[in-house]
Amino acid sequence: MTEHPQPRDTTVDVLIRLLDDAVPVPSYAHPGDAGADLVTTVDVEIAPQGRVTVPTGVAIALPDGYAAFVHPRSGLAAKHGLTIVNAPGTVDAGYRGELRVTLLNTDAAETVRLRRGDRVAQLVIQRVERARFVRAQTLPGSHRGEGGFGSSGGWASAQG
């Protein structure tokens, strides 16, 4: 029998301001979920191949060293072809405005209809590092080298 280590507490306090009293505080649907649900505060129809930016009714204050990332909801993507244009959207620690989500209907034929209160995205909070960029004349070697897009293969059926 394998023993599992006790999970460490990874909770971080994020201040939130509700800009719409009817909007729920973002919450996690299940224990262990990475993303907290965000809802739209408006009814909206997104035409096939169309996009629209919807308000969520929340503003947050992240601690320094953290960022929030707005991810699409997998169920909306699978069932309706709905995704986020700039997925994941990045919310920097210094941003204090309303979180808004730019949705894209990838379906070629069907309109997506959302109602106020529908869950439209997931908010993932992560610790982030800041880089100090140090100029160099050359870079150390690596196994991959300068191999870019598609250099690792895995797509033999697409090669024709």
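These figures come from a predicted structure and were not determined experimentally.

Trainee: Whenever I open this one, the overall build of the protein confuses me. Can you help?
Mentor: What the protein contains, in helices and strands, is one helix and ten strands. Taking 2.2 N^0.38 as the reference for a compact globule, 160 residues should give roughly 15 Å; the C-alpha atoms of the protein span a radius of gyration of 20 Å, well beyond that estimate. Projecting the C-alpha coordinates of the protein onto the three principal axes gives extents of approximately 55 × 50 × 45 Å. Counting every position in the protein, which comprises 160 residues, the buried fraction comes to 28%. Within the protein, contacts between residues at least 6 apart in sequence are counted, and of these 71% link residues at least 24 apart. Across the protein, the 16 positively charged side chains and the 17 negatively charged ones have centroids separated by 6 Å.

Trainee: Can you walk me through the layout of surface pockets in this structure?
Mentor: Empty space among the atoms can be located by rolling a probe the size of a water molecule over them. Space inside the largest pocket adds up to approximately 630 Å³. As for the largest pocket, its lining consists of 21 residues, and the residues nearest its centre are Thr10, Thr11, Val12, Tyr28 and Ile125. Considering only residue class, the lining of the largest pocket consists of 13 nonpolar, five polar and three charged. Quantified by volume, the second largest pocket comes out at close to 150 Å³.

Trainee: Even after reading the chapter, I still don't get the sheet that holds strand β4 (residues 51-61), so can you show me in this structure?
Mentor: Backbone hydrogen bonds are what pair the strands of a sheet, in a parallel or an antiparallel way. Read from one edge to the other, the open sheet built from four strands follows the order β1-β4-β8-β6, with strand pairing classed as antiparallel. Edge positions in the sheet fall to β1 (15-18) and β6 (82-84), since each has one partner strand and no second. Recorded for the sheet is a direction-independent mean angle of 45 degrees between the axes of neighbouring strands. Bridging between β6 and strand β8 (residues 98-105) involves three bridges; their strand directions are antiparallel. Across the sheet, the residue bridging to isoleucine 84 is leucine 103, located in β8.

Trainee: Help me understand the nonpolar core, please; the structure alone is not making it clear to me.
Mentor: For soluble globular proteins, the rule of thumb is that nonpolar side chains tend to be buried together. With 25 residues, the main nonpolar core has Val70, Leu103 and Leu114 as its most contacted residues. Of all elements in the fold, only β2 (36-39), β3 (44-46), β4, β5 (66-71), β6, β8, β9 (112-114) and β10 (119-127) reach the threshold of two or more residues within this core. If near-sequence neighbours (up to four positions away) are discounted, valine 70 is found in contact with Leu38, Ile84, Ala87, Pro88, Gly89, Val91, Val101, Ala121, Gln122 and Leu123.

Trainee: Please clarify how the UniProt feature "binding site: substrate" (unreviewed entry) in the protein should be interpreted in this entry.
Mentor: In the UniProt entry, the feature "binding site: substrate" (unreviewed entry) is given for Arg73, Ser74, Gly75, Asn86, Thr90, Val91 and Asp92. Taking the farthest pair of C-alpha atoms as the criterion, the annotated set spanning 20 residues is dispersed, since that pair is 26.3 Å apart. From the list above, the second largest pocket is lined by Thr90 and Asp92. Structurally, serine 74 is set in helix α1 (residues 74-80).

Trainee: Mind showing me how you'd approach the side chain of aspartate 20 here?
Mentor: Of note, aspartate 20 is situated in the loop between β1 and β2. Here alanine 22 takes part through its backbone nitrogen, which lies 2.9 Å from a polar atom of the side chain of aspartate 20. Residues contacting aspartate 20, with those up to four places away along its chain left out, are Thr41, Gly57 and Arg116.

Trainee: Explain the side chain of asparagine 105 here, please?
Mentor: Along the chain, the position of asparagine 105 falls in strand β8. A polar atom in the side chain of asparagine 105 sits 3.0 Å from the backbone oxygen of isoleucine 46. For asparagine 105, the side chain forms a polar contact with the main-chain oxygen of alanine 47, separated by 3.3 Å. In contact with asparagine 105, other than residues within four places in its own chain, are Ile46, Ala47, Pro48, Gln49, Gly50, His80, Gly81, Leu82, Glu110, Thr111 and Val112.

Rules used throughout
Residues numbered from 1 in each chain as written. Predicted model: local features only at pLDDT ≥ 70, side-chain atom pairs only at ≥ 80, totals over all residues. Heavy atoms only, no water. Helix = DSSP H or I, 4+ residues; strand = E, 2+ residues; numbered from the N terminus. Rg over C-alpha atoms; globule rule 2.2 N^0.38 Å. Buried < 20%, exposed > 50% of the residue type's maximum accessible area, 1.4 Å probe, protein only. Contact = heavy atoms within 4.5 Å. Lys, Arg positive; Asp, Glu negative; His and termini not counted. Charge placed at Lys NZ, Arg CZ, Asp CG, Glu CD. 1 Å grid on protein atoms, 1.4 Å probe; cavity = no way out; pocket = protein on both sides within 12 Å on 5 of 7 lines; lining within 4 Å. Points joined across faces, edges and corners; volume = space filled by probe spheres on them. Nonpolar A, V, L, I, M, F, W, Y, C, P; charged D, E, K, R; others polar. Pairing = 2+ DSSP bridges. Axes fitted to C-alpha atoms, helices over the stretch in contact; angles between N-to-C directions. Core = buried A, V, L, I, M, F, W, Y, C linked by side-chain atoms within 4.5 Å. UniProt positions renumbered as here; feature names shortened; annotations may be inferred. Polar contact = N/O pair within 3.5 Å; in protein donor to acceptor, adjacent residues only side chain to side chain.

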